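# Coordinates in review
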Amino acid sequence: MTLYSLFIASHIIGTILGAGAATFAEIFVIKALKDGVVEPLESDYLKTIYTVLRVGLIVAVISGFGFLFLYRIQGLEGLIYETKLWAKLTVVMILLINAIMLQARKIPLLWGSAISFTSWYTAVFLGLFRGISAPYFEILAWYVLAIVAVGFVLDKIHNHFGVKI
Amino acid sequence: MTPILSTILLTHVVFGILAVAGMYSLWMMLLKREPNSANLKRFSLWSLVFILISWISGAYYYLTYYGAAVKPVIKGGAYPWAHLVVMEAKEHIFLFLPFLLAVVLVAVIFSGTKLGQDEKLKSALTFLVAVMTIIGIAITLSGLVISGAVR
């Protein structure tokens, strides 16, 4: 197995774990908060999901930097200044700041969930559609718009299931 | 670049990221009402070990390869500021991190299980770890900026 294959396999696995866990985190939060009380078993499930999410994030970030390392030693340094890469890094930074703000209870759960969910899927989207050549701020503008849309949809879902936060 | 130097550069990158991940985890733990002291000790110790490995491998790479083969390319290229500003800042700010992590480790060891009750110490440590994490992330991104300028 070459270093490139190792990094690509790890990056895909990390992203699957992260985006999958972010999705299930949202589903389980809705299920857990339907009665306004998080039972010990529900709390246990959520802790497991968040652990998977963190592992996915670390694996995806390390393998992502692995690619950049390969660009460096293969003489493809120009790829490191690609706007899509820096947009992806910005999204990951926002994801990290959001997790801190959620932990410190400085952001409402609804918007924290919307940011986390959208950020993971934005990273997946940017990884899947490699041909995108949009400017940095255009990518971020779409990302912000997606957060607002996801927040709006999540609010409707919370209301539908009677989630009590 | 020889395979050994490539491995050393990869070691610098991977352990640097692991150290930043450790610092970020410490920040998350300190935000809890009752931080788990065993986990705090474990994460601060491992983060210190990781940053030292990244520090030593980075220093070796800089002294044996970067200074002679990479620095002149960056300085003569389209982005000379990547060395003159970013690398100069990175290599000096990076020096602080192992010492700051050692401070956190000592504070966590000596406060033991009482950290949750000592709000003043907990706030100070949270602030210190937050600053360290931000520095760590900035240094990581600086590494990217420097690598991208080698052309």
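Here's what I pulled together on the structure shown here. (Residues numbered from 1 in each chain as written. Chains lettered and ligands numbered in written order. Predicted model: local features only at pLDDT ≥ 70, side-chain atom pairs only at ≥ 80, totals over all residues. Heavy atoms only, no water.)

A tally of regular secondary structure across chain A gives 5 helices and 0 strands. Starting at the N terminus, the α and β elements of chain A follow one another as α-α-α-α-α. With the C-alpha coordinates aligned to their principal axes, the bounding extent of chain A is approximately 55 × 35 × 25 Å. Looking at the 165 residues of chain A, the share that counts as buried comes to 40%. Excluding contacts between residues fewer than 6 apart, the proportion of contacts in chain A whose partners are at least 24 apart in sequence is 79%. For chain A, the accessible surface area stands at approximately 9,100 Å², while carbon and sulfur atoms represent 73% of it. Side-chain charges in chain A split into 12 positive and 9 negative, and the spacing between the mean points of these groups amounts to 2 Å. (Helix = DSSP H or I, 4+ residues; strand = E, 2+ residues; numbered from the N terminus. Buried < 20%, exposed > 50% of the residue type's maximum accessible area, 1.4 Å probe, protein only. Contact = heavy atoms within 4.5 Å. Areas by Shrake-Rupley, 256 points an atom, 1.4 Å probe, with all protein chains shown as cover. Lys, Arg positive; Asp, Glu negative; His and termini not counted. Charge placed at Lys NZ, Arg CZ, Asp CG, Glu CD.)

Regions of empty space are outlined by a rolling probe, equal in size to a water molecule, passed over the atoms. Its volume calculated, the second largest pocket comes out at about 700 Å³. Residue lining of the second largest pocket: 35 residues in total, with Leu 9, His 12, Met 87, Lys 90 and Gly 143 of chain B positioned closest to the centre. At the level of elements, helix H2 (40-73) of chain A together with helix H1 (3-30), helix H2 (37-76), helix H3 (81-93) and helix H5 (119-148) of chain B are the ones that each hand at least two residues to the lining of the second largest pocket. Counting residues per element, the lining of the second largest pocket draws most heavily on H2 of chain B, which supplies 10 residues. Residues of the lining of the second largest pocket, tallied by class, amount to 24 nonpolar, 8 polar and 3 charged. (1 Å grid on protein atoms, 1.4 Å probe; cavity = no way out; pocket = protein on both sides within 12 Å on 5 of 7 lines; lining within 4 Å. Points joined across faces, edges and corners; volume = space filled by probe spheres on them. Nonpolar A, V, L, I, M, F, W, Y, C, P; charged D, E, K, R; others polar.)

Turning to the environment of Met 87 of chain B, a few remarks are in order. Of note, Met 87 of chain B is situated in helix H3. Taking the C-alpha atoms as reference points, Met 87 of chain B and Val 145 of chain B, separated by 58 residues in sequence, lie 9.0 Å from one another.

All names here are of chain A. Counting across every chain of the model gives 1 salt bridge over all chains. The shortest N-O distance in the salt bridge between Glu 77 and Arg 72 comes to 3.1 Å. According to the relative accessible area criterion, Glu 77 is buried, its value standing at 7%. (Salt bridge = Lys/Arg side-chain N within 4 Å of Asp/Glu carboxyl O.)

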